[in-house]
Every structure is written in structure tokens, then in C-alpha cells.
Amino acid sequence: MMTADLHPAAVPVAITINGRAYELRVDPWVTLLDLLREQLGLTGSKKGCDHGQCGACTVLIDDKRINSCLVLAVTKHGSAVTTIEGVGAPGDLHPLQQAFVEHDAFQCGYCTPGQICSALGLIAEGQAKTRDEVRELMSGNLCRCGAYTNITDAIVDVMERAAAACGREDAA
Ligand code: FES
Ligand code: FES
């Protein structure tokens, strides 16, 4: 009996996602976003535009924020990916997630995973020092609900708290 390989073009990809190592076979045309959502069931990263224009799919790759809809999964062989599922957990929220709750920074929540991953990348980049810079450097993340003011409040709050904690450590 003949057996057919339904995915003859699939190539092996070793990738770490949220600290867990995966050895996968992936078709070369599959985006990282589709790999996460369709193949691995990690549906926290959202598909908005699928064209790199809304930021709903933002994840961290090797600690840098990126639109996962624009990245072919096979090109990230050997990389470490963090999705919103790896950021915090119910009852153990990341400070940014907690700040989003405290500042009422989400309404429908669709853009929120991308906003939080993007904000994590923004803070790690260390380029945004002012509220206006936060707004500018978060401008790739759209929110159809228009929660921008509260999203900015949440991010600035976390940045200020981190800066204050640094100041206290320096003074100690
Ligand atoms: S879904 Fe990727 S930027 Fe919109
Ligand atoms: S909270 Fe609804 S799209 Fe941003």
C-alpha cells in the first residue's frame, strides 16, 4: 500500500515557547502566529489584520517585540518566543497585567495580549522616558475600543514604579 506524506514540504523547527522546548515539523509558509494559534493552541496572541498593521499578534522573540503575523515560523528555528500565556497567570499576574486591571485599560480585551507583550518590549528597550514617547512607541498597537489613555496610564505607572524601586535601591 502506498502512503502519502500530506506535508512533504514541512521542515523541522526547534523553538522554545514560554520556556518549553518544541521540536516541530512546519510548512515553510506558516506564520509564527498561525503556528501558535492553529498548531499549538496558544490563542492568546490575536489575529487582527494579518498584515502587520494592528499589533494584535505581538509576541516577544528573544525578548524583542515583533508582529508574529509577519514572521515565517521556520525562520525562528532556535529562537525563544514569549506569548501572553508565558507572561503571567490568573492569581499571579505580571505587574503590567495588574496595572491594566487597575487602570481599566481594556474593554473587549482583543488587543490586550498584544498591548502587554508590546509594552514589555518597550520597557526592555528603555527608549521611552516620557508619556509622549510611550504613546509614540506603542503606536503600532491599535485598540478598536479606544482605551489608549488608560493603556498609556498603565504602562507609565509600571515604568514609574520600576524607576522608584531603582531609586530606592540606589539610595540604600
Ligand atoms: S495581526 Fe499582526 S499586526 Fe495585525
Ligand atoms: S480593548 Fe478592545 S480592541 Fe483594545
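Before any of the text, the structure's been laid out above.
This is a predicted model, so every value here is computed, not measured. (Residues numbered from 1 in each chain as written. Chains lettered and ligands numbered in written order. Predicted model: local features only at pLDDT ≥ 70, side-chain atom pairs only at ≥ 80, totals over all residues. Heavy atoms only, no water.)

## Some points on helix H1 (residues 32-39)
- Residues of H1 that are buried include every one of Leu32, Leu33, Leu35 and Leu36, and no others.
- Elements in contact with the buried residues of H1: strand S1 (11-17), strand S2 (20-26), strand S3 (58-61) and strand S5 (80-82).
- Once H1 finishes, Gly41 follows within two positions and takes phi at roughly 70°, a positive value. (Buried < 20%, exposed > 50% of the residue type's maximum accessible area, 1.4 Å probe, protein only. Helix = DSSP H or I, 4+ residues; strand = E, 2+ residues; numbered from the N terminus. Contact = heavy atoms within 4.5 Å.)

## What about a nonpolar patch on the surface?
- Where nonpolar side chains cluster on the molecular surface, the patch consists of Leu93, Val101 and Phe106 and spans about 240 Å² of accessible area.
- Mapped onto the fold, Phe106 is located in the loop between helix H2 (95-102) and helix H3 (112-125). (Patch = residues over 30% accessible without salt bridge, like charges linked within 9 Å, V, L, I, M, F, W, Y side chains within 5 Å. Areas by Shrake-Rupley, 256 points an atom, 1.4 Å probe, with all protein chains shown as cover. Salt bridge = Lys/Arg side-chain N within 4 Å of Asp/Glu carboxyl O.)

## Notes on the environment of Ala124
- Counting through the fold element by element, Ala124 comes out in helix H3.
- Overall, Ala124 belongs to the exposed group, its relative accessible area being 59%.

## A word on the sheet that holds strand S4 (residues 64-67)
- Spatially, the five strands line up as an open sheet ordered S2-S1-S5-S3-S4, and their pairing is mixed. Both edges of this open sheet fall to S2 and S4, since each of them pairs with a single strand only. Averaged over all adjacent pairs, the angle separating strand axes in this sheet is 40°, with direction ignored.
- Examined bridge by bridge, S3 and S4 share four bridges and lie antiparallel to one another. Looking across to S4, one finds that Thr58 is bridged to Asn67.
- Lying on the sheet, H1 is in contact with S1, S2, S3 and S5; it crosses S2 at an angle near 105°.
- Sheet strands in contact with H3 are S3, S4 and S5, and its direction is about 40° off that of S3. (Pairing = 2+ DSSP bridges. Axes fitted to C-alpha atoms, helices over the stretch in contact; angles between N-to-C directions.)

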